[in-house]
Amino acid sequence: MPLLHDTPGLPPSVAASNTSLERALREQQTLLDCAGAGIVFIRQRLVVRANPRFAEIFGYPSHHSLSGQGSESLYPNHNAFRELGRAAYPVVSKGQTYRAEHLMRRSNGSLFWGRLTGTLINPQDPAEGSIWIVDDIDVQKKAETELDTALREKQLLFDSAMIGIVFVRERCLTRCNRHFEQMLGYEPGELVGSLSRRCYQSDAQWEAVGRDSRPVLAQGLTFEGEITLRKKDGTSVACEVRGKALDPERPDSGSIWVSLDITARLHAQAELVRVHEKLEQLVQDRTHQLRETVENLHREINDRRIDQERIYWLAHYDPLTGLPNRALLAERSQEAIALARRDQSPLVVIFLDLDHFKHINDSLGHRVGDALLVAIAQRLRAVVREKDTVSRLGGDEFILLLPGANAEGARRVADQWLEASCQPYQIEHHELTMASSMGIALYPEHGADFDSLNQAADVAMYRAKLSGRNTYCFFTPEMRAQSVRALQLENALRRALEREQFTLHYQPQVCIDSGQVIGVEALLRWQHPELGAISPAEFIPVAEDCGQILPIGEWVLRQALTQLQVWCAQGLIVGTMAVNLSAVQFRQTQLPELITRILEEVGVAPNSLELELTEGVAMDDPRTAIAMMDQLHALGIRLSMDDFGTGYSSLSQLKRFPIYKLKIDQSFVRDLEEDANDRAIVSAIIRMAQALGMQTVAEGVETAGQLAFLQQQGCNEVQGYYCGRPMPAAQLQEFLLKNLQKQGD
Ligand code: C2E
Ligand code: MG
Ligand code: MG
């Protein structure tokens, strides 16, 4: 303490005598000892006396120890000490009491807040010293500081919070932070004092919030809700609000409300809902698509299954007849053969080829041909057992597989089929008969597997064809070599024309009565470099089978007529040119046009051409055959019936043919001299021809005796080695000249 004075003392003698003074001193001492505040007497900047509380506050072991200590030591530092002096002196010097709070120092050096009250003992004489009362207010001071900090923090929070904070008392806004004002678009302080109604869009809404929140607040709980507040400009702002009573016991103490602008959140939520719905829609669309895809997939799988079944069917069945095809036949045969091997049971393979089926296609068209095949397939199925397989290999070839059947069974089936074949098929308005040739192979004798059995049956079928068709043959090992020959011929035939291996020989036809040559027959000759000379009797059926007969036949016609033209030009009288016409050629619908063209090309009159037909041409479809004959006849071409007597022509049929000449087959002529039967047949044929107004010519006349008989019977012409062999053109020329000379002689 800056103002220090000595305590007034009394001489001991005076004190002893003055008991009242003593009492006063004792009372003073007691006061000092018991005082709750620290008290100190300072004089000359030194502690004169201090009470126990003072020592306690400043942390001295006893108040005695303080006496004589410099008062500056009670302050944090020299400056603080001087500051105090400067502040207190003007006050105390006027006799007033100085009161202030100062930082002070304890004996251990720690600082604390003390409240000082100081006064001079004698304002007139500051040297007498001063008395100071010190209260330790350190704890209180610290609490105040903390409170202050807390309040400041709270204010800061209040001011800078990102939520609106409002104090409401009796529905009146008593305070609010800046954020709340900004949230509702108000200027600072503009809202304070207003009714909270100002922040709502309607009375109803305001009252509803009041009604709902009141009981919650009264219970001391937090009211929570989403409320639409009204901005100053009248627009709305969505808020999440929480309110709580400051003191639930006292509703009039008001409440505090915090509000958070959730517009963005609501937008976000709405956006989320929208996105969610969009997603949902997408998922629905996708599900729909997926369902469609799955359905399509199912459909596709189904289609594919149907396709596969169809593919299987196409791969295993003949589309036209619905019969198993070669592939399925091979499968079934292998199974049947395996079974036959295991059970040591027999098995039959029949190769069936329709006779002259091509004629049907050529003359009546493919539609009729197809319909006929379907009908034949049905009839074939009917003659075999359920367990037998009838398959079509394409074209007019069928294979029958008869598991468990032996030679006898095969014969039975073949006979049945021959019989069934006599019945005509009614296809559209055509009545068609279709014979077939069959080859039969037996397991195990003729082959141990499908291929060899098939081949054997094929070879046997070929033999059946050669033996006149409309029959069947069982396979024999010798047949193999022959069928190899047929194949060889077929291959060689394909190139024979272009390699100019064909020539024509001409055989004279002589009038019996005059001995004059009245015509020649063109006979085809084939000279192959390796195979040698091949007889037309052998290669013509092969050429018919493989279709080569058409170009070959055309070549023969053109060649023979050209030769005739050459002879005529040379002045040679040859008569008619007879050309053999295959049944296959005959069934070509364009045949009349072809012949007309060649005749015109070559410059030969139609009546110089004679076409030799065989009876077979009329066998399958007599009506069409007759129509063709009529057409040819109408062109002025002569028609003759070759090999007459070997075929199936009935007299009634023959009547309807526009035939000019019958050629008596050489098989009847050969044994005329020895065989009475042949003589009877030949004379019957001649008489029949005469009755029908037809000419007769006997083929294969080799002897004078034959000639004599024929002449006697009234036959018109002869053809045979006796009169002249078939010969090349140049040779025939000489023959004709010699013959002319002979006639002349
Ligand atoms: P074809 O039409 O009946 O011809 C008569 C056959 O008898 C000829 O045989 C001929 O050489 C033969 N021949 C003639 N006189 C006698 C004889 O006195 N004694 C004997 N033993 N035979 C005699 P070729 O030339 O071998 O012809 C055989 C068959 O081939 C012909 O029989 C005919 O059906 C056919 N052919 C020949 N050339 C052609 C042709 O250009 N086209 C067609 N489609 N078939 C033809
Ligand atoms: Mg002939
Ligand atoms: Mg003949």
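First, a word on what this report is: a plain description of the structure on this page. (Residues numbered from 1 in each chain as written. Chains lettered and ligands numbered in written order. Predicted model: local features only at pLDDT ≥ 70, side-chain atom pairs only at ≥ 80, totals over all residues. Heavy atoms only, no water.)

Take the overall build of the chain next. Assigned secondary structure in the chain consists of 24 helices and 26 strands. Its C-alpha radius of gyration of 73 Å places the chain more than 25% over the 27 Å reference for a compact globule of 745 residues. Summarising its shape, the C-alpha atoms of the chain cover approximately 230 × 65 × 55 Å along the three principal directions. Expressed as a percentage of the 745 residues in the chain, the buried residues total 44%. Considering only contacts in the chain between residues 6 or more positions apart, those separated by 24 or more positions represent 59%. (Helix = DSSP H or I, 4+ residues; strand = E, 2+ residues; numbered from the N terminus. Rg over C-alpha atoms; globule rule 2.2 N^0.38 Å. Buried < 20%, exposed > 50% of the residue type's maximum accessible area, 1.4 Å probe, protein only. Contact = heavy atoms within 4.5 Å.)

Neighbouring ligand 1 are 22 residues; Asp642, Gln666, Glu699, Glu702 and Tyr721 lie closest to it. Gln666 is positioned such that a nitrogen or oxygen atom in its side chain is 2.8 Å from an oxygen atom of ligand 1. In the complex, 84% of the free accessible area of ligand 1, which totals 790 Å², lies under the protein chains. Residue assignment for the shell around ligand 1 shows that the elements contributing at least two residues are β19 (517-528), α15 (536-546) and β23 (638-644). (Near = heavy atom within 4 Å. Polar contact = N/O pair within 3.5 Å; in protein donor to acceptor, adjacent residues only side chain to side chain. Areas by Shrake-Rupley, 256 points an atom, 1.4 Å probe, with all protein chains shown as cover.)

What follows concerns the nonpolar core. Tyr506, Phe586, Leu611, Met629, Leu662 and Leu710 are the most contacted members of the largest nonpolar core, which totals 83 residues. For this core, the element with the most residues is helix α16 (residues 549-569), which contributes eight residues. Val348, Val368, Leu402 and Met438 belong to the second-largest nonpolar core, a separate cluster that totals 37 residues. (Core = buried A, V, L, I, M, F, W, Y, C linked by side-chain atoms within 4.5 Å.)

Quick look at the sheet that holds strand β7 (residues 172-176) now. If you walk across this open sheet you meet the five strands as β7-β6-β10-β9-β8, and the pairing is antiparallel. Looking along the sheet, the strands with just one partner apiece sit at the ends: β7 and β8 (223-230). Strand-to-strand, the axes of this sheet are offset by a mean angle of 35°, without reference to chain direction. Judged from the four bridges that link them, strand β6 (residues 164-169) and β7 form a sheet pairing that is antiparallel. Pairing of Phe167 across the sheet is with Arg175, part of β7. Packed on one face of the sheet, helix α7 (residues 203-218) meets β8, β9 (236-245) and β10 (255-261) and runs near 160° to β8. (Pairing = 2+ DSSP bridges. Axes fitted to C-alpha atoms, helices over the stretch in contact; angles between N-to-C directions.)

Okay, the coordination of the magnesium ion (ligand 2) next. For the magnesium ion (ligand 2), the full set of protein donor atoms is Glu521 (OE), Asn580 (OD1), Glu612 (OE) and Asp642 (OD), and the range of their distances to it is 2.0 to 2.3 Å. Ordering the donors of the magnesium ion (ligand 2) by residue number gives the pattern E-x58-N-x31-E-x29-D. The distance between the magnesium ion (ligand 2) and the magnesium ion (ligand 3) comes to 4.0 Å, and Asp642 binds to both of them. Taken together, the positions of Glu521 in strand β19 and Asn580 in strand β21 (residues 576-580) put the pair 59 residues apart, joining distant regions of the chain. The class for Glu521 is buried, based on a relative accessible area of 3%. Residue classification places Asn580 among the partly exposed positions, given a relative accessible area of 29%. (Donors = N, O, S within 2.8 Å, 3.2 Å for Na, K, Ca; no water.)

Among the secondary structure elements, Arg469 is positioned in the loop between α13 (450-466) and β17 (472-474). Of the residues examined, Arg469 reaches a relative accessible area of 15% and is grouped as buried. Aside from chain neighbours lying at most four places away, what touches Arg469 is Asp355, His356, Ser437, Ala464, Glu544 and Asp545.

Let us look at the pairing of strand β25 (residues 695-699). The buried fraction of β25 amounts to four of the five residues, a majority that puts the element mostly inside the structure. Pairing between strand β24 (residues 661-664) and β25: four bridges, direction parallel. What sits directly across from Lys663, in β25, is Val697. Bridge count between β25 and strand β26 (residues 717-719): three bridges; the pairing is parallel. Residue pairing in the sheet places Ala698 in a bridge with Val718 of β26. Taking the sense of rotation as the criterion, the β-α-β connection linking β25, helix α23 (residues 704-713) and β26 turns out right-handed. (Right-handed = clockwise from strand over helix to strand, strands pointing away.)

It helps to recall that an α-helix has 3.6 residues per turn; residues three or four apart then point in one direction. The terminal C-alpha atoms of α7 lie 22 Å apart, and with 16 residues this matches the ideal 22 Å at 1.5 Å per residue to within 8%. Among the residues of α7, those classed as buried are Trp206, Val209, Gly210, Ser213 and Leu217. Check the buried side of α7 and you find it contacts β8, β9 and β10. Following α7 by one or two positions, Gly220 has its phi on the positive side, about 80°. (Expected span 1.5 Å × (residues − 1).)

This part covers a nonpolar patch on the surface. Where nonpolar side chains cluster on the molecular surface, the patch consists of Leu279, Leu282 and Val283 and spans about 280 Å² of accessible area. Locating Val283 in the fold gives a position in helix α8 (residues 263-316). Under the relative-accessibility criterion, Val283 is labelled partly exposed at 46%. (Patch = residues over 30% accessible without salt bridge, like charges linked within 9 Å, V, L, I, M, F, W, Y side chains within 5 Å. Salt bridge = Lys/Arg side-chain N within 4 Å of Asp/Glu carboxyl O.)

Surrounding the magnesium ion (ligand 3) are the protein donor atoms Asp642 (OD), Asp643 (OD), Glu699 (OE) and Glu699 (OE), which sit 2.1 to 2.4 Å from the metal. The exposure class of Asp643 is partly exposed, given its relative accessible area of 25%. A relative accessible area of 7% means that Glu699 is categorised as buried.

Our next topic: the side chain of Gln706. Looking at the secondary structure, you find Gln706 in helix α23. Beyond its immediate stretch of four places on either side in the chain, Gln706 contacts Val669, Arg670, Leu672, Glu673, Gly700 and Val701.

A few words on the sheet that holds strand β16 (residues 436-443). In any sheet, the strands associate via hydrogen bonds between backbone groups, in a parallel or an antiparallel arrangement. Spatial strand order, β12-β13-β11-β16-β17: five strands in an open sheet with mixed pairing. A strand with exactly one partner marks an edge of an open sheet, and here the two such strands are β12 (389-394) and β17. The sheet shows a mean angle of 20° between the axes of neighbouring strands, taken without regard to direction. In terms of strand pairing, β16 meets β17 through three bridges, oriented parallel. Among the inter-strand pairings, Ile440 is bridged to a residue of β17, identified as Phe474.

A few words now on the pattern of salt bridges. If you walk through the whole model with that rule in mind, you get 35 salt bridges. A salt bridge links Arg106 to Asp136; its shortest N-O distance comes to 3.3 Å. Taken together, the residues Arg106 in the loop between β3 (98-105) and β4 (111-120) and Asp136 in strand β5 (residues 130-136) connect sequence positions 30 residues apart. Note on Arg106: relative accessible area 19%, which makes it buried. A salt bridge links Lys465 to Asp355, with the nearest nitrogen and oxygen atoms 2.9 Å apart. Residue Lys465 is found in helix α13, and its partner Asp355 is found in the loop between β11 (347-354) and α10 (357-364); the two are separated by 110 residues along the sequence. Take Lys465 and Asp355: they sit in the same class, and that class is buried. One network of salt bridges, with partners in common, ties together Glu521, Glu612, Lys663 and Glu699.

Compared with an ideal rise of 1.5 Å per residue, which puts 17 residues at 24 Å, α13 spans 24 Å between its outermost C-alpha atoms and is within 8% of the ideal. The buried count for α13 comes to 12 of 17 residues, which makes it a mostly enclosed element. For α13, the capping residue at the N-terminal end is Asp449, with a side-chain oxygen 3.1 Å from the backbone nitrogen of Asp451. Gly468 occupies a position one or two residues after α13 and carries a positive phi of about 105°.

So far we have only geometry, and geometry alone does not tell us how the molecule works.
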